[in-house]
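Summary of structural features
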Amino acid sequence: MNKAVNDGVRSDGNGVWSGSWVAERLGVELLGDPELTDLLGLALRRNPKRAHLLVSNVLGKHVPQSPSIVYGYGFTLGRRVRELLGAEECARAVVLGYAETATGLGHAVADGIALAPYLHSTRRPVAGVATAGGFEESHSHATSHLLLPENPELLSGEGPLILVDDEFSTGNTVLNTIRDLHERYPRNRYVVVALVDMRSAADAGRLDAFAAEIGARVDLVAAASGTVRLPAGVLEKGQELVARYESGGAGPGGRSSTAPSGLVAQFPAPLKDKGDAVDPSREATPNTETGPGTETAPSLEATPTPNSPGARGTARPAPTGPHPTDNRITRVELRWPRNLPDGGRHGFTPHHRIRLERALPAMAARLADALPEDAHRVHILGFEELMYAPLRLARELEQVVDAGVTYSTTTRSPVLAVDDPGYAIRTRLTFPAHDTPADGPGDRYAYNIAGAGFDAVVAVLDDTADTPELHAPDGLLARLAEHTPHVVLVVLPSYVPERPPMLPDPLRGPAFSSYAPEEVGWLLQDLSDVTLEAPTEEREEAIQSGGAHYAESLPVEYQPSEQYQQLFHTALDEAAGRLALAVGAVTELVLAERSPHPVLVSLARAGTPVGVLMRRWAQHRHGLDLPHYAVSIVRGRGIDANALRWLAAHHDPADVVFVDGWTGKGAITRELADAVREFEESDGITGFDPEIAVLADPGSCVKTYGTREDFLIPSACLNSTVSGLISRTVLRSDLVGPHDFHGAKFYRELAGADVSVDFLDAVAARFPEVSDAVTVLAKELLAADRTPTWEGWAAVERISEEYGIHDVNLVKPGVGETTRVLLRRVPWKILARAGAGADLDHVRLLAEQRGVPVEEVAELPYTCVGLIHPKYTRGATGADGKAVAV
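This report concerns the structure included in the present document.

Each value, and the rule that gives it
- Per-chain numbering applies: the sequence of each chain, read as written, is numbered from 1 onward.
- Residues qualify for local features only when their pLDDT is at least 70, as the model is predicted, and side-chain atom pairs are given and counted only at 80 or more; totals for whole chains, interfaces and linings, by contrast, use all residues.
- To obtain the side-chain values, all non-hydrogen atoms of the structure were included, while hydrogens and water were left out.
- Exposure above 30% relative accessible area and no salt bridge define the residues that can form patches, which grow by joining like charges within 9 Å and nonpolar side chains of Val, Leu, Ile, Met, Phe, Trp and Tyr within 5 Å.
- For the area figures, the Shrake-Rupley method with a 1.4 Å probe applies, and any residue is considered shielded solely by the protein chains shown.
- The salt bridge criterion pairs a side-chain nitrogen of Lys or Arg with a carboxyl oxygen of Asp or Glu, the two atoms within 4 Å.
- When charges are tallied, Lys and Arg are placed among the positive residues and Asp and Glu among the negative ones, while His and the ends of the chain are skipped.
- Where a charge lies is defined by one atom per residue type, namely NZ (Lys), CZ (Arg), CG (Asp) and CD (Glu).
- Numbering of helices and strands starts at the N terminus; helices are DSSP runs of H or I of at least 4 residues and strands are runs of E of at least 2.
- Buried means the residue's accessible area, taken with a 1.4 Å probe over protein chains only, is under 20% of the maximum for its type, while exposed means over 50%, and partly exposed covers the values in between.
- Two rings from Phe, Tyr or Trp (for Trp, the six-membered ring) form a pair when their centres sit within 6.5 Å of each other. Planes less than 30 degrees apart are called stacked, planes more than 60 degrees apart edge-to-face, and all others tilted.
- Any Lys NZ or Arg CZ that is within 6 Å of a ring centre and within 35 degrees of that ring's normal is treated as a charge sitting over the ring.
- At least two DSSP bridges between two strands are needed for those strands to be called paired.
- Convention adopted: a line fitted to C-alpha atoms gives each axis, helices being fitted over their contacting stretch, and angles between N-to-C directions are expressed from 0 to 180 degrees.
- Working definition: roughly parallel below 35 degrees, roughly antiparallel above 145 degrees, roughly perpendicular at 65 to 115 degrees, and oblique for all remaining angles.
- When the near helix sits turned anticlockwise from the far one by under a right angle, the crossing is termed left-handed; a clockwise turn instead gives a right-handed crossing.
- The contact criterion used is simple: two residues touch if any of their non-hydrogen atoms lie within 4.5 Å.
- Gly is placed with the polar residues, together with every amino acid not listed as nonpolar (Ala, Val, Leu, Ile, Met, Phe, Trp, Tyr, Cys and Pro) or charged (Asp, Glu, Lys and Arg).
- A crossover gets the label right-handed when its path from the first strand over the helix to the second runs clockwise, viewed with the strands pointing away from the viewer.

1. Section: a negative patch on the surface
Negative charge collects at one region of the surface, where Glu153, Glu158, Glu678 and Glu681 lie side by side. On the secondary structure map, Glu681 appears in helix α19 (residues 667–683). With relative accessibility at 38%, the residue Glu681 sits in the partly exposed group.

2. Remarks on the packing of aromatic side chains
Counted under the stated rule, the structure contains 11 aromatic pairs. Between Phe658 and Phe688, the aromatic rings sit 6.3 Å apart at their centres with planes inclined by 40 degrees, giving tilted as the arrangement. On the criterion of sequence distance, the pair formed by Phe658 in strand β27 (residues 656–662) and Phe688 in the loop between α19 and β28 (692–696) is long-range, its members being 30 residues apart. The exposure class of Phe688 is buried, given its relative accessible area of 4%. Ring-pair connections join several aromatic residues into one group, and the members of that group are Phe512, Tyr515, Trp522 and Phe746. Positioned above the aromatic ring of Trp793 is the side chain of Arg670, whose terminal nitrogen or guanidinium carbon lies 4.1 Å from the ring centre.

3. Some points on the pairing of strand β2 (residues 40–44)
Most of β2 is tucked away: five of the five residues are buried. Residues of β2 alternate between two faces, with Leu40, Leu42 and Leu44 on one and Gly41 and Ala43 on the opposite face, all of them buried. With five bridges joining them, β2 and strand β3 (residues 52–56) adopt antiparallel strand pairing. Residue pairing in the sheet places Leu44 in a bridge with His52 of β3.

4. Let's talk about the packing of helix α16 (residues 562–593) against helix α24 (residues 841–850)
Where α16 contacts α24, the axes come no closer than 10 Å and their chain directions differ by 165 degrees. In terms of orientation, α16 and α24 fall into the roughly antiparallel class. As for the relative orientation of α16 and α24, their crossing is left-handed in sense. Contact with α16, carried on its side by Gln563, Tyr564 and Leu567, involves Asp841, His842, Leu845 and Leu846 of α24 and no other residues of that element. Here the contact of α16 with α24 is composed, by residue class, of four nonpolar, two polar and one charged.

5. Examining the sheet that holds strand β5 (residues 118–120)
Spatial strand order, β1-β10-β9-β8-β4-β5: six strands in an open sheet with mixed pairing. Of all strands in the sheet, those with a lone pairing partner are β1 (29–32) and β5, marking the two edges. Strand-to-strand, the axes of this sheet are offset by a mean angle of 25 degrees, without reference to chain direction. With eight bridges joining them, strand β9 (residues 189–197) and strand β10 (residues 217–229) adopt parallel strand pairing. Bridge assignment links Arg189 to a residue of β10, and that residue is Arg217. Of the strands in this sheet, β4 (94–97), β8 (161–168) and β9 are in contact with helix α7 (residues 172–184), which crosses β8 at around 160 degrees.

6. Describing the pairing of β28
In terms of residue burial, β28 counts as a mostly covered element, since five of its five residues are buried. Direction of pairing for β27 relative to β28: parallel, over a ladder of four bridges. The residue bridging Val659 from the neighbouring strand is Ala693, located in β28. Remark: the β27/α19/β28 crossover connection has right-handed handedness.

7. Looking at unusual backbone geometry
With an omega of 0 degrees, the peptide bond running from Gly509 to Pro510 counts as cis. Looking at where Pro510 falls in the secondary structure, it is placed in the loop between β19 (487–492) and β20 (521–522). Of the consecutive residues Ala604 and Arg605, the connecting peptide bond is found in the cis state with omega at 0 degrees. Along the polypeptide, Arg605 turns up in the loop between β24 (599–604) and α17 (607–622). Of note in the backbone geometry, Ala114 takes a positive phi value of approximately 75 degrees without being a glycine. Relative to the helices and strands, Ala114 resides in the loop between α5 (103–113) and β5.

8. Structural notes on the pattern of salt bridges
All told, the structure shown has 35 salt bridges when counted by the stated rule. Its salt-bridge partner being Arg426, residue Asp419 comes within 2.8 Å of it at the nearest N-O pair. Take Asp419: its relative accessible area is 2%, and that puts it in the buried class. In this structure, Glu482 engages Arg479 in a salt bridge whose closest nitrogen and oxygen atoms are separated by 3.2 Å. Taken together, the shared-partner salt bridges in this structure form one network comprising Asp111, Arg353, Glu357 and Arg392.

Right, dumping it as structure tokens:
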């Protein structure tokens, strides 16, 4: 491993390693694998933080190279990662590349893995796209990296994170990245991938210690390994050397004018913005000619031999004199696939890769048609972070044209150029930034293009960079035209994630619902003008046959008879005090255990009256003015994700407390837990607690409740007329789009029968008289073991089997759920606890009206259980199959 490789030579025709010039002058040593000299050269940075620059010969950034070689290195590394992790873990992984140098490499690694999505950091902020993280690259000239995934799920998963950079030197960049992301999205495994691992022994130990500190496994995959031995004072010596080369009349942005002749005697000439590359091994004479728009330092010019390789075969003598800057520039429309990302700035999935590979042959054919027929050497020049798309185009073009094709990209990085075979950066073109960068204007560079003898250069960039600066007299296109007879411009559409429309403010009464506007805000859309109701029998048949979901339509609103209304008022009078006690107790538990300033979010619609009552209790007892919203949750479909997004944008998710009226078997409790977990994975927004607060928990499904007794909550007796005149919520794809809240209807026409506010006022009027009892009950509950036992779920499973139903969804336990069965579904029979009293008066009346038998059961954990008809046929409503009008 610790083999000195500085004396090695490359078989590039010159027999000179392109790091020898720096090594000889600064005493820098490259130690490690013998192939390091094939992979790396050395140059000098114009950077106060680090003197030397490792210049990769296979990255496709500074040194033009065959696109097959560039892509092949990354793809092979990806295959090695896949062998390390296995296909199952790769399918759970995400690949993260670093801007700007490794964006293309990371893409190729992701292609080799084949199963993982890809994201690269960026220095380009994008309006409307939220930042999911960021980190610093301490040695870089431009340090800030942003992470802008369109889908935050790319970072929030639990699978391995694969970090790709061109070189792994100190490890600082990787540590900064892992530290930032691990705090937000902790995971158990990381894989670092690099072309070369150049860490010292001390730096290798740092990574191991860091992995132990965060409790994660960190693997490393590299094409070669070694280290750079730097003598004392190398930074100062390097800066002095750069200063000597650039002291020859260096102007703004590092553009040199004529250097003192004494420098030529001591060193080969620095070719800043040089139009002519040279071969110093040939007999030379001074030349100070300049072309339009080009300022040069003195150089040694030789009479070239045919096919002279230049530096690594990339910088060849140019034709005599530069090309005129007014050469025709050909723009080619490749017909990039619609909505296909141009790179990984916002994420690139395996499906995106498949789409790109299908489109590449046609795009490469269009590009080939734009090239001159006599072109023998064609160069594809990418643009800063836009490395992958130009690389794939270049690789595809390489397969369909007879000309030799090479590839590299422009860069922000300022590097000294010296025309010597032992130096990696032979020539440099300088031009102004042309993508309106966030950090302001500045120079940009293209290395080893000038003097390389290309018959055509294809500049590939995105439309953000297609600006007047690009086409200016000193812009990139003009600079390229000085050194090649044909410039081809390809502009790709810069992919920007579709920005979803702003979610609307909550609906409030009296425009939507009969509640006062301060009592509740409905995170719903108003579907009052849409006909959604269907006969009960038709709905039941469609639901049980799988032809429709219950949330896609509404039952016809039950209009209670005078006798039934009287039952409701009697039940309310008898239960108001009991309800007030439960409201107070559950609210006190929320304030003590969940948040001192909770945001109440009731599950529409049964939870909404309870949420209003809890809000009133907090105001009565503590003077709190709590926000309260109602949201939709649908069994089998989850909670309204857009409502959660709205809540997260306006409140701390940790303060949100979900509220419902009661638990049955616990289906909605489980539904909410699953939905919140899926939301966290999809949106990367954490903090929502799926634990529901309820008045009654007869099923023992939650730990935040007012009572576990199964008693009549009078609001369960009615539908919209006790719930603000709001219907059940609706979720149907033709009505609810991806950026819409779920829907509901406001039954304004039922205002004459509305008792919503009467119900609230009757319960709230009992608050003063139960105040002391609430204090005692809350204290008892806080001290009690309230761990859910889920005994209700077990009872439902038992009943389902005993009665031959074999479907727990058709068993609705508890007074509230049984009432819903009688009002909305096709009931089969009612099971009632033996000896149940007035709590079931309304159930018995409804059952009588619908011809449904009530069967008394000696041992029943609930007061009653409603059974939906398990073998429904059209027209069957009761056990005898007869429809009974109510």
